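Residue-level listing of the chains:
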Amino acid sequence: MSFLGLMRLLYHSYLRNTSIGVTGALIFENNRFGQVIEGPRTQIEDLWEKIQKDTRHKNIRLIESKPIEHRSFNKWTMIFQDSEEVAKKLPEVAVAVAVEDVNFPTGHPLLIALRNDS
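On a predicted model such as this, the values are computed, not experimentally measured, just so you know. (Residues numbered from 1 in each chain as written. Predicted model: local features only at pLDDT ≥ 70, side-chain atom pairs only at ≥ 80, totals over all residues. Heavy atoms only, no water.)

## What about the pairing of strand β2 (residues 32-38)?
Consideration 1: In this sheet, β2 lies alongside strand β1 (residues 23-29) in antiparallel orientation, the contact comprising 7 bridges. Note on β2: the bridge partner recorded for Ile27 is Gly34.
Consideration 2: Linking two consecutive strands that pair antiparallel, namely β1 and β2, is a turn of 2 residues; a positive phi of about 55 degrees is found at Asn30 within it. (Pairing = 2+ DSSP bridges. Helix = DSSP H or I, 4+ residues; strand = E, 2+ residues; numbered from the N terminus.)

Take a look at the structure:
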């Protein structure tokens, strides 16, 4: 995916998900995407259904689904290599780019899957 495509994806995801009360993280690593989505069950189920039907997505896999007491991500964010550089060069997208306030646990099942699957 091109850098411009990545930024478009970030922008549209941010607008759509904040409008429906969904937060989370879109992770881009090893040329693949992973996503953590948090919010009301109905919105999450609707979004998951849309993701599965979207023909741009390939090899979709649900790693974990469970109720949570507190959100890990208070806003929609995107995590990817060199996100700090992007935030400096494009301050208009800095609101949605993970820079300083996201502590994504290194042992999270999603990160493990993105790093280990081929």
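Read on for the rest.
## Thoughts on helix α2 (residues 41-53)
Consideration 1: Relative to the 18 Å expected for 13 residues at 1.5 Å per residue, α2 spans 18 Å between its end C-alpha atoms, a close match to the ideal helical length.
Consideration 2: Among the residues of α2, Ile44, Leu47 and Ile51 are the ones counted as buried. Take α2 and look down its axis: the buried residues cluster within an arc of 70 degrees, on one side only. Structural note: α2 exposes Arg41, Thr42, Lys50 and Lys53 on the side pointing more than 90 degrees away from its buried face. (Expected span 1.5 Å × (residues − 1). Buried < 20%, exposed > 50% of the residue type's maximum accessible area, 1.4 Å probe, protein only. Arc of directions from axis to C-beta.)

## A few points about the side chain of Thr23
Consideration 1: Mapped onto the elements, Thr23 comes out in strand β1.
Consideration 2: The buried category is assigned to Thr23, whose relative accessible area is 8%.
Consideration 3: Looking at Thr23, its side chain comes within polar contact range of the side chain of Arg71, at 2.8 Å.
Consideration 4: The residues contacting Thr23, other than those within four sequence positions of it, are Val36, Ile37, Glu38, Arg71, Phe73, Asn74, Lys75 and Trp76. (Polar contact = N/O pair within 3.5 Å; in protein donor to acceptor, adjacent residues only side chain to side chain. Contact = heavy atoms within 4.5 Å.)

## Describing the pattern of salt bridges
Consideration 1: Applying the stated criterion to the full structure yields 4 salt bridges.
Consideration 2: Between Glu49 and Lys53 there is a salt bridge whose closest N-O contact spans 3.0 Å. With a gap of 4 residues between them, Glu49 and Lys53 both fall in helix α2, about one helical turn apart.
Consideration 3: By relative accessible area, Glu49 is classed as partly exposed at 43%.
Consideration 4: Given a relative accessible area of 62%, Lys53 falls into the exposed group.
Consideration 5: Residue Lys66 pairs with Glu64 through a salt bridge whose shortest N-O separation is 3.9 Å.
Consideration 6: On the basis of relative accessibility, which here comes to 54%, the residue Lys66 falls in the exposed class.
Consideration 7: Its relative accessible area of 47% is what places Glu64 among the partly exposed residues. (Salt bridge = Lys/Arg side-chain N within 4 Å of Asp/Glu carboxyl O.)

## Regarding the environment of Thr18
Consideration 1: By the secondary structure assignment, Thr18 is in helix α1 (residues 3-19).
Consideration 2: Separated by 3.3 Å, the side chain of Thr18 and the backbone oxygen of Leu15 make a polar contact.

## Concerning the environment of His70
Consideration 1: With respect to the secondary-structure elements, His70 resides in the loop between α2 and β3 (76-80).
Consideration 2: As a C-alpha pair, His70 and Gly39 span 31 residues in sequence and 9.7 Å in three-dimensional space.

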